[in-house]
Amino acid sequence: MDLISIISAMVLILIILCLMLLIVPVHLYLELCKDGPSIVGCYGITCLGITLKRGSIPPTPSEGNVTVKEPEREDNRDNSEQEERQRQDQKRLPNPRSLLDAFPAIVHVLKDLIRSIKFEKIGGRLCIGLDDPVDTAVMSGYLWSALSAVGLHRANIFIEPYFGGARLEGDFRAELQSRVLWAFMAMLRALGEKKIRRLMMEMAWGVRA
Amino acid sequence: METEIRVGKELLAESRMLYPLVRISILKMIDGKVLGCWLTPLAMLVIEPGEQYSVSLTEEEMNLETVLDLAPCLRTVVERARGIHRIKVS
């Protein structure tokens, strides 16, 4: 076997591996729980039964535990750095005009991305209470209608109104499956759109046409 | 089906304070999941300078004592209003 055939075989194997990675479904699970002031949760990404990433969302510190840093001495160098950073941030903000121009294309890409995701399991419970029982009932009605409109009325999502005062508690769990190929294709299609390319350039380098 | 009586958020109308009294009926499954709820306005407690009375929003007659029996938390509101306008005789 000559060198060219070995290299071409290796390239072919690499292409097949890349295609496999794109075609093989990736599973993602997410669990969130809000009990009191803190939110805790966990997430994981698996592919072919192999866990690629697993992590937990640590509880957020309650307001009472938050330590307020003492104001540091104002330094000229710090100020100039801050100003420079602000200037860069402003530069990287996209032009509203190009954002509006790219909006239909963004919606199209988002639709493609959502279509590539398949929800295997979705469920949760939301206990919501406002300071007025009437407001609570109205809000619950809105949420029930929204769930029904989105098509999640069959999912195990329960909205529980709490009429005793202000409260927000609940948990959420979702398992979804996606093939990277469709997301990849959606991204490629997005890059094919001139308006999205211009928007990305504006956001990345602050280039304005 | 669970039923509870709650007091809504107070409303200020010029010098009057209005406290709505609402009956809440909650339809629950055996495992506690809520399927639906109904709110029925029952009465309105009116606190005016020097006068406290209730207005029935249903066909049932509801005097002040009945309203206070249904929502004991309003008793302090009425007592406070009476205390403010009480004339001390020494």
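Throughout, residues of each chain are indexed from 1 in the direction in which the sequence is written. Both sets of labels track the order of writing: A upward for chains, 1 upward for ligands. It should be noted that, the model being predicted, local features are given only for residues of pLDDT at least 70 and side-chain atom pairs only at 80 or more, the latter also being counted only at that level, while totals for whole chains, interfaces and linings use all residues. Water and hydrogen atoms play no part in the side-chain values, which are based on all heavy atoms of the structure.

For the rest of this paragraph, the subject is the overall build of chain B. Numbering goes from the N terminus for both helices and strands, where a helix is a DSSP run of H or I of at least four residues and a strand is a run of E of at least two. Along its length, chain B carries 2 helices and 5 strands. The buried label goes to any residue with under 20% of its type's maximum accessible area, the exposed label to any with over 50%, and the partly exposed label to all in between, with areas taken from a 1.4 Å probe on protein chains only. Expressed as a percentage of its 90 residues, the buried residues of chain B come to 33%. Contacts are assigned to residue pairs that have any heavy atoms within 4.5 Å of one another. Contacts in chain B between residues at least 24 apart in sequence constitute 33% of all its contacts with a sequence separation of at least 6. Values of accessible area rely on a 1.4 Å probe in the Shrake-Rupley scheme; residue burial ignores everything except the protein chains shown. Accessible area for chain B stands at about 6,100 Å²; split by element, carbon and sulfur atoms hold 54% of it.

Our next topic: the overall build of chain A. Counting secondary structure elements, chain A contains 6 helices and 6 strands. Written out in order from the N terminus, the α and β elements of chain A read α-β-β-β-α-α-β-α-β-β-α-α. For chain A, with 209 residues in total, the buried portion stands at 21%. The contacts of chain A with a sequence gap of at least 6 include a subset with a gap of at least 24, amounting to 67%.

For the rest of this paragraph, the subject is helix α5 (residues 180-192) of chain A. Multiply 1.5 Å by the residue count of a helix minus one, and that product is the helix's expected span. Over its 13 residues, α5(A) runs 18 Å from end to end, which matches the ideal 18 Å to within 8%, given 1.5 Å per residue. Taken together, the buried positions of α5(A) are occupied by A:L181, A:A186 and A:A190.

pLDDT is a residue-level measure of predictor confidence that goes from 0 to 100. Taken as a whole, chain B shows an average pLDDT of 84; of its residues, 92% reach a score of 70 or greater. Here the predicted complex scores 0.59 on pTM and 0.73 on ipTM.

Residue position: A:G55 is located in strand β3 (residues 50-57). If we skip the residues at most four places from it in the chain, A:G55 touches A:C42 and A:Y43.

All names here are of chain A. A pair of strands is treated as paired once DSSP finds two or more bridges between them. Pairing in this open sheet of 6 strands is mixed, and the strands run β3-β2-β1-β6-β4-β5 from one edge to the other. The sheet is open, and its two edges are formed by β3 and β5 (156-161), each paired on a single side. Each strand of the sheet is rotated relative to its neighbour by a mean of 5 degrees, with strand direction disregarded. By the bridge criterion, 6 bridges tie strand β4 (residues 117-129) to β5 in an arrangement that is parallel. Considered in β5, the bridge of G124 is made with I157. Inter-axis angles, ranging from 0 to 180 degrees, are taken between N-to-C directions of lines fitted to C-alpha atoms, where helices are fitted over the stretch in contact. Packed onto the sheet, helix α4 (residues 133-150) meets β4 and β5 and runs at close to 165 degrees relative to β5.

Right, let's talk about the packing of α5(A) against helix α6 (residues 194-205) of chain A for a bit. Residue and element names in this part refer to chain A. Contact geometry of α5 with α6 gives a least axis separation of 5 Å together with a crossing angle of 90 degrees. The angle between α5 and α6 falls in the class roughly perpendicular. Only K194, I196, R197 and M200 of α6 make contact with α5, whose side of the interface consists of A190, L191 and G192. Under the scheme applied here, ten amino acids are nonpolar (Ala, Val, Leu, Ile, Met, Phe, Trp, Tyr, Cys and Pro), four are charged (Asp, Glu, Lys and Arg), and all others, including Gly, are polar. Along the lines of polarity and charge, the residues of the contact of α5 with α6 split into 4 nonpolar, 1 polar and 2 charged. Should an angle fall under 35 degrees it is taken as roughly parallel, and over 145 as roughly antiparallel, whereas 65 to 115 is taken as roughly perpendicular and any remaining angle as oblique.

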